[in-house]
Amino acid sequence: MRFAFIRLHWEKNVITGPYVNSLGIILGSLIGFILARAVPKRLHDSMPMIFGLCSMSMAVILILKFSTLPVIILSCIIGTLIGELIYVERGINTAAAKMRSVAQWLAPGRQESVSQKEFLEVFVALIVLFCASGTGIVGALNEGMNGDTSVLYTKSAMDFFAALLFSTRLGYVVAFIAVPQLIIQLSLAYAAILILPLTSELMRNDFYAVGGMLMMATGLRICGIKIFPIANMLPALVIVMPLSALWN
């Protein structure tokens, strides 16, 4: 019976959000690369704050869906402890460092005004923002569970403009981040279809709330208010549903 439900849900739920999100990054990067000289420098100061504000606004909506407040708090604390101990963010930094030489070869001449250190820092931030932010993870799982594409479609619009803005400095190499992002989001969306029959509404609400917490941290990081270790907070999304089930 359970497998029949999974098969029916799999057939009915056509995943589109990850493709739209990746397409937004590719188009934004190419347009930004072409229009690099036409984009005024002041946009690099003002627009990241707007991206951060949008992320935090979406976070508030998701956090208000919580069912069990102690579960939300414990998940964030324990999940971040786990992430810090296994140092998730170090893996992302290592991958970005290996891509550095390739990125500079793919976008020659676009790093003239950007130091090597700054290039790496910005590129790592983009990988976290596009691939490992709370917005993308929650959006992909949300679409897999209930077919709601609103979070990923909203993120697609944000990522389009973010890719357009940053590609004016780094070149069209920003578009290549769409590949790992697509793989991650598709994996999460289809995994959510398998997880759905094992969850309750209370568990899903607590999951959305923890995802909202990560989106809030993402927004604060984008705005430069506080550099939260977002990648190290990701294990909170893994433990929140089991913890919610035990608590309730």
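In what follows, the structure referred to is the one given above.
Given the structure is predicted, the values throughout are model-derived calculations rather than measurements.

Q: Explanation requested: the overall build of the protein chain in the structure shown.
A: Looking only at helices and strands, the protein chain has 12 helices and 0 strands in total. Reading the protein chain from its N end, one meets helices and strands in the order α-α-α-α-α-α-α-α-α-α-α-α. Sorting the 248 residues of the protein chain into buried and exposed places 48% on the buried side. Restricting the contact set of the protein chain to residue pairs at least 6 apart, pairs at least 24 apart contribute 88%. Taken as a whole, the protein chain presents about 12,200 Å² of accessible surface, with 71% of it coming from carbon and sulfur.

Q: For this particular structure, what's the right way to read the pattern of salt bridges?
A: Close approach of charged atoms allows side chains with opposite charge to pair. Taken as a whole and assessed by the stated rule, the structure comprises 1 salt bridge. Between Asp-159 and Lys-155 there is a salt bridge; the shortest N-O distance is 2.4 Å. With Asp-159 and Lys-155 both in helix α8 (residues 150-170), this residue pair falls 4 residues apart, about one helical turn. The exposure class of Asp-159 is buried, given its relative accessible area of 3%. Its relative accessible area of 2% is what places Lys-155 among the buried residues.

Q: Can you help me understand the packing of helix α10 (residues 201-222) against helix α12 (residues 235-247) in this one?
A: For any two helices packed against each other, one specifies the crossing angle of their axes together with the interaxial distance. One can describe the packing of α10 onto α12 by two numbers: an axis separation of 9 Å at closest approach and a directional angle of 150°. Taken together, the axes of α10 and α12 lie roughly antiparallel to each other. When you trace α10 past α12, the crossing you get is right-handed. Listed contacts from α12 to Leu-202, Met-203, Arg-204, Asp-206, Phe-207, Val-210, Gly-211 and Leu-214 of α10 are Ala-236, Leu-237, Val-240, Met-241, Ser-244 and Ala-245.

Q: Before we go on, may I ask you to explain the nonpolar core in this structure?
A: Nonpolar side chains in soluble globular proteins tend to end up buried together. Among the nonpolar cores identified, the biggest contains 51 residues, and Leu-126, Phe-130, Ile-177, Phe-207, Val-210 and Leu-237 are the most heavily contacted of them. The element contributing the most residues to this core is α10, with 8 residues.

Q: Could you clarify how one ought to interpret empty space enclosed by the protein in this entry?
A: Sizing a probe to match a water molecule and rolling it over the atoms shows the empty space that remains. Taken as a whole and judged by the stated rule, the model has 1 cavity of 30 Å³ or more. If you add up the space inside the largest cavity, you get close to 80 Å³. Along the wall of the largest cavity there are 11 residues; nearest its centre are Leu-129, Thr-135, Met-158, Asp-159 and Ile-222. Elements represented by at least two residues in the lining of the largest cavity include exactly α3 (43-63), α8 and α10. At 4 residues, the largest contribution of residues to the lining of the largest cavity is made by α8. A per-class count over the lining of the largest cavity returns 5 nonpolar, 4 polar and 2 charged.

Rules used in this analysis
- Here the residue numbering is sequential within each chain, running from 1 through the sequence in written order.
- Restriction of local features to residues with pLDDT of at least 70 applies here, the model being predicted, together with a cutoff of 80 or more for giving and counting side-chain atom pairs; totals for whole chains, interfaces and linings are based on all residues.
- Heavy atoms from the whole structure form the basis of all side-chain values; hydrogens and water molecules are not counted.
- Segments assigned H or I by DSSP are reported as helices when at least four residues long, segments assigned E as strands when at least two residues long, and all are numbered from the N terminus.
- For every residue, the accessible area (1.4 Å probe, protein chains only) is compared with the maximum for its type, and the residue is labelled buried under 20%, exposed over 50%, or partly exposed between those bounds.
- Should any heavy atoms of two residues lie within 4.5 Å, those residues are considered in contact.
- Method for areas: the Shrake-Rupley scheme with a 1.4 Å probe, in which residue coverage is limited to the protein chains shown.
- The rule for a salt bridge is simple: a side-chain nitrogen of Lys or Arg has to be within 4 Å of a carboxyl oxygen of Asp or Glu.
- Under this scheme, a helix contributes an axis fitted over its contacting stretch, all axes are lines through C-alpha atoms, and angles between N-to-C directions fall in the 0 to 180 degree range.
- Should an angle fall under 35 degrees it is taken as roughly parallel, and over 145 as roughly antiparallel, whereas 65 to 115 is taken as roughly perpendicular and any remaining angle as oblique.
- In this scheme the crossing of two helices becomes right-handed for a clockwise turn of the near helix relative to the far one and left-handed for an anticlockwise turn of less than a right angle.
- Grouping buried Ala, Val, Leu, Ile, Met, Phe, Trp, Tyr and Cys residues that are joined through side-chain atoms within 4.5 Å yields what is termed a nonpolar core.
- Put simply, the grid is 1 Å and covers the protein atoms alone, a cavity is a trapped set of points that fit a 1.4 Å probe, a pocket is an open set with protein on both sides within 12 Å along at least five of seven lines, and lining residues have an atom within 4 Å of a point.
- Grid points are joined across faces, edges and corners, and a volume is the space filled by probe spheres set on the points.
- Residue type decides the class: Asp, Glu, Lys and Arg count as charged, Ala, Val, Leu, Ile, Met, Phe, Trp, Tyr, Cys and Pro as nonpolar, and the leftover types, Gly among them, as polar.

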